Every structure is written in structure tokens, then in C-alpha cells.
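Analysis of the macromolecular model
What follows is the residue order along each chain.
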Amino acid sequence: MKPTKTLLTAAALATAAGGVSAEEMTIVSWGGAYSKSQLKAYHEPYSEKTGVTILNDDSSAEAVAKLRAMNEAGNITWDVVDVVAADAIRLCDEGLAMEIDPDTMLAPAPDGTPASEDFGDLLVSDCFIPQIVYSTTFGYRTDLVGDTPPTDVCAVFDLENYPGKRSLEKRPINNMEWALICDGVAKGDVYDVLATAEGQDQALAKLDTIKDSVVWWSAGADTPQLLADGEVIMGSTYNGRLFSVIEEQNQPVAMLWDAQVFDLDGWIIPAGLSEERQARALDYIMFATDTQRLADQAKYISYGPARASSAPLVGQHADLGIDMAPHMPTDPNNAKNTFLYNYEFWADYRDDIDAKFQAWLAQ
């Protein structure tokens, strides 16, 4: 999509009005409530501090393909890109993202703890700067599920007790895992099974049982809107999007946390930027991923900050005044039956399974 240019501060406007073009940088993310949380926690304060104009582009779902094309054309138009961890691993392996030294390029914790220790095991790639822990899970319409609301993820495949449309993401990730779990595969065996052609066929066969009842989504905002409009009875999306439709919009929607899939989201800086653009991108990253900024994002959306030092600073929602901790996917009451996403598996198998999944969709 074409980036939407937003002059975020009076400082930027004043610079432009003075006849001097304000510095600009293009930051790519996912749109909707998530981009709004970044705008409030990162972009606006950074722009106020520096006068840099942020150009927002909601193309993160296509980041790998677009960065491949930009690299081939020798024209990198993005400065900082928000991606999931598996995509960061792919981009790093292909040389499309620059490597980051966390202890020199990222801020230490307030007590001096180096960034490498503060982020810890969430530094899953040399090119990836973690931002949030989130989950992909399900929401359902409380007024459409009868007297027995769903309690486990396999309700998605139960058309008899829960008839109606359901929404699933238009990609294999998570759908294939849930399909195998609901076809009797133990959680600990899912990726071993999915690594085989037979296992992939098994997952697609399970998805076939509901294919005619699925609305396929591409943007994280789609399922919340479909639920709000009553067009689906249940659907998958990111937990923060469901928080927004439930708590901020007061829609008759509830969360189904069972088998929620934990994942990481964060920043990469494209390889091949000019020295000036790379320095500006690094300056933004240093600012946006410090302890306070990551905690600030949790004021606007229910994703857990990726730094250990940020967690104690998570407080109340900026507008609603409700405690945010119970709405995090990592809250003990929500994390009783999680599914752990395998970043390396999807970095290795994504292209092949994507092709197979898209061919199945077209049948």
C-alpha cells in the first residue's frame, strides 16, 4: 500500500514551513490498534524530540517479499520494519537485514543491565530487536455461541455445536498447527509431523472440514471488524486486537485463550541503507526500545514488553484506567495451555508450505 504521510509534530510543521524539508523516515508496521500504540508510545515522542517526520506504511505482512524486491532493484525505500521473529530470521539469513549489536546499539536498562541480558532469550536473531510478546488466539461472539461458550481451540472445527462462519488468517502459520492438534497430534509432536509431506496433507485435510465456512483474513484488524459486525461467530487474530474490540469498543466478544500461540514481534533495519539513513534508523531504535518506551506501549495495547526491566513498569490503560497485566497473554490465568511457536521451523519451511497452502486455497 502507499504510505500515508503524517506530520506528527508542530516541530516538523515549523521546519517545513520555514522552507527547509524536514527529515523523513518510513516505518513499516501492521496498522490498526497496533500501529496506534506505536504512534503514541514511540513515533510521536521521537518526532517531538527530533523533528523527524514519520511516514507510516502498513505493509509488514508483505515485508519479506517487498524487501527482496527492493534489494533486487537496488532501491530500499523503508528505514525501519516491524516483523515477526520468523520473518526476521529469514531476512537476516538472506542478508536483507543488518546485524545489531545489542550492547552498543540498544539502550541499557535503567540499572545499567546490558540490553543483551535485559532482552535475554528473546534475541532470536542477530538482526532482530524484540519489541513485544503477543499471541495469536481466538475471539468469539458471546451472543452467537448459545449457552455453552467454547473452552478449547478445537471448537473452531466443531460446525455442529458452533455453526456459522469463522475467520482464519490467509497463511499456513498457526492454522496448520491448530489443525494437527485438533486432529489428535500431541503438541510436542506437531512440528515433527508438519515437517513431512504427509503431516502437511493431514493438516490441510483437517482444514478442509471447515474450508467452506471460513472467511480468510490478511490484516490483523479484519477479524475484530468481522466479529463486531456479526459476520463470523469466531475468528483468529492477535490478542491485542481482541482486547481493543472487547474493552475499548464494548462489543459482545470474548477471548478464547486455549492453545494461544506465543510469538515475538520487533524491528529490523533493512540492509543497504545510506550511512545517514542507517544512523537515523539506529537512533530511532535506540529510543523506541528503551525500558520506558516498551512499557509505555502496554498502556495502549495488551502485548507484553520484550525487556525484563519493562515488565514492572506496565500499569494502567492510558484511556480506560484498567490494569493491563491481566490482559497480557503471559498472565498466568491466560497462559494455562499455550502453544510455543517454532521460529526456526517456519524460517526453514515457510516458502514451501506457503506454496502448498496457497495451492490448497485455490482448489
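Read on for a plain summary of the structure. These figures come from a predicted structure and were not determined experimentally.

Turning our attention to the packing of aromatic side chains. Counting across every chain of the model gives 18 aromatic pairs. A ring pair is formed by Trp-217 and Tyr-238, whose centres lie 5.8 Å apart and whose planes are at 90°; its orientation type is edge-to-face. Taken together, the positions of Trp-217 in strand 7 (residues 214–217) and Tyr-238 in strand 8 (residues 234–238) put the pair 21 residues apart, joining distant regions of the chain. Trp-217 sits in the buried class, given a relative accessible area of 1%. Accessibility expressed as a relative area gives 7% for Tyr-238, which makes it buried.

Let's shift gears to the nonpolar core. If you look at the biggest cluster of nonpolar residues, it comprises 88 residues, and the most contacted ones within it are Leu-207, Trp-267, Ile-268, Tyr-284 and Trp-346. Among the elements that make up this core, the one with the highest residue count is helix 14 (residues 343–362) (eight residues). Apart from residues lying up to four places away in sequence, Tyr-284 is in contact with Met-25, Ile-27, Tyr-42, His-43, Tyr-46, Val-80 and Trp-267. Counting residues in hydrophobic clusters, the runner-up holds ten residues, among them Ala-228, Leu-242, Val-253 and Trp-257.

So, on to helix 9 (residues 197–208). For helix 9, built from twelve residues, the straight-helix expectation of 16 Å at 1.5 Å per residue is met to within 8% by its first-to-last C-alpha distance of 16 Å. Here helix 9 has its buried residues at Gly-199, Gln-200, Ala-203, Leu-204, Lys-206 and Leu-207. In a view along the axis of helix 9, the buried residues occupy a sector of 155°, so they form one face of it. Taken together, the buried residues of helix 9 touch strand 6 (166–169), helix 7 (175–181), helix 8 (190–194) and helix 14.

The next thing to look at is the environment of Phe-345. If you trace the backbone, Phe-345 turns up in helix 14. Take Phe-345: its relative accessible area is 7%, and that puts it in the buried class. The sequence separation of Phe-345 and Gly-304 amounts to 41 residues, and the corresponding C-alpha distance is 23 Å. Ignoring any residue separated from it by four or fewer positions in sequence, one finds Phe-345 in contact with Tyr-191, Leu-194, Ala-195, Arg-350 and Ile-353.

In the case of a regular strand, side chains alternate between the two sheet surfaces. Counted residue by residue, strand 3 (residues 53–57) has four buried out of five residues, so it is predominantly covered. Here strand 2 (residues 24–28) runs beside strand 3; their pairing, made up of five bridges, is parallel. When the sheet's bridge partners are listed, Thr-26 is paired in strand 3 with Leu-55. Each parallel crossover has a hand, and the one from strand 2 via helix 2 (residues 32–50) to strand 3 is right-handed.

The tally for this structure, following the rule as stated, stands at two disulfides. The disulfide that involves Cys-92 links it to Cys-127, with 2.0 Å between the sulfurs. Handedness of the Cys-92-Cys-127 disulfide follows from its S-S torsion of about 60°: it is right-handed. Pair noted here: Cys-92 is in helix 4 (residues 85–93) and Cys-127 is in the loop between helix 6 (115–119) and strand 5 (129–141), with a separation of 35 residues, a long-range link. A relative accessible area of 16% means that Cys-92 is categorised as buried. A sulfur-sulfur distance of 2.1 Å marks the disulfide that ties Cys-154 to Cys-182.

Before going further, it helps to examine the pattern of salt bridges. One pass over the full model with this rule turns up 17 salt bridges. Residues Lys-40 and Glu-44 are paired through a salt bridge, measuring 3.8 Å at the closest nitrogen-oxygen approach. Here Lys-40 pairs with Glu-44, and both are found in helix 2, just four residues apart, close to one helical turn. Given the relative accessible area of 25%, Glu-44 is considered partly exposed.

To continue, consider the pairing of strand 6. Side chains Arg-166 and Leu-168 project from strand 6 onto one buried face, and the interleaved Ser-167 and Glu-169 project onto a second face that is buried too. Bridging between strand 6 and strand 7 involves four bridges; their strand directions are parallel. Paired with Glu-169 across the strands is Trp-217, a residue of strand 7. For strand 6 and strand 8, the ladder comprises two bridges, and the chain directions are parallel. Within the sheet, the bridge partner assigned to Ser-167 lies in strand 8 and is Gly-235.

At a minimum axis separation of 10 Å, helix 2 and helix 12 (residues 275–288) run at an interaxial angle of 120°. Here helix 12 runs oblique to helix 2, going by the angle between their axes. As for how helix 2 packs across helix 12, the hand of that crossing is right-handed. Seen from helix 2, the contacting residues are Tyr-42, His-43, Pro-45, Tyr-46, Lys-49 and Thr-50; seen from helix 12, they are Arg-280, Asp-283, Tyr-284, Phe-287 and Ala-288.

For any two helices packed against each other, one specifies the crossing angle of their axes together with the interaxial distance. It is the contact of helix 9 with helix 14, at a shortest axis distance of 11 Å, that shows an interaxial angle of 35°. Judged by the twist between their axes, the crossing of helix 9 over helix 14 is right-handed. Residue-level inspection shows Ala-197, Gln-200, Asp-201, Leu-204, Leu-207 and Asp-208 of helix 9 in contact with helix 14, the latter providing Ile-353, Lys-356, Phe-357 and Trp-360. Of the residues assigned to the contact of helix 9 with helix 14, the class counts are six nonpolar, one polar and three charged.

The next subject is the environment of Ala-115. Along the chain, the position of Ala-115 falls in helix 6. Sequence separation between Ala-115 and Asp-101 is 14 residues; the distance between their C-alpha atoms is 9.3 Å.

Scoring rules and cut-offs
Starting afresh in each chain, residues are numbered from 1 along the sequence in its written order. Restriction of local features to residues with pLDDT of at least 70 applies here, the model being predicted, together with a cutoff of 80 or more for giving and counting side-chain atom pairs; totals for whole chains, interfaces and linings are based on all residues. Excluded from the side-chain calculations are hydrogens and water; all other atoms, namely the structure's heavy atoms, are used. The rule is short: rings of Phe, Tyr and Trp, with Trp giving its six-membered ring, pair when the centres are within 6.5 Å, and they are stacked under 30 degrees, edge-to-face over 60, tilted in between. Runs of E in the DSSP output that reach at least two residues are strands. Runs of H or I that reach at least four are helices, and both are numbered from the N terminus. Residue exposure (1.4 Å probe, protein chains only): buried if accessible area is under 20% of the type maximum, exposed if over 50%, otherwise partly exposed. To qualify as a nonpolar core, a set must consist of buried Ala, Val, Leu, Ile, Met, Phe, Trp, Tyr and Cys residues joined through side-chain atoms within 4.5 Å. Contacts between residues were defined by any pair of non-hydrogen atoms, one from each residue, lying within 4.5 Å. In this analysis, the expected span of each helix is defined as 1.5 Å times one less than the number of residues it contains. Starting at the helix axis, one direction is taken to each C-beta atom, and the arc is that of these directions. Should DSSP find at least two bridges between two strands, the strands are regarded as paired. Note on handedness: a clockwise path from strand one over the helix to strand two, with the strands aimed away from the viewer, defines a right-handed crossover. Here, the term disulfide refers to a pair of cysteine sulfur atoms separated by no more than 2.5 Å. Every case where a carboxyl oxygen of Asp or Glu lies within 4 Å of a side-chain nitrogen of Lys or Arg is listed as a salt bridge. For helices, the axis comes from a line fit to the C-alpha atoms of the stretch in contact; other axes are also lines fit to C-alpha atoms, and the angle between any two N-to-C directions lies between 0 and 180 degrees. In these notes the angle categories are as follows: under 35 degrees is roughly parallel, over 145 is roughly antiparallel, 65 to 115 is roughly perpendicular, and the rest is oblique. Two helices cross in a left-handed way if the nearer one is turned anticlockwise from the farther one by less than a right angle. They cross in a right-handed way if the turn is clockwise. Here the nonpolar group is Ala, Val, Leu, Ile, Met, Phe, Trp, Tyr, Cys and Pro; Asp, Glu, Lys and Arg are the charged ones; every other residue, Gly included, is treated as polar.

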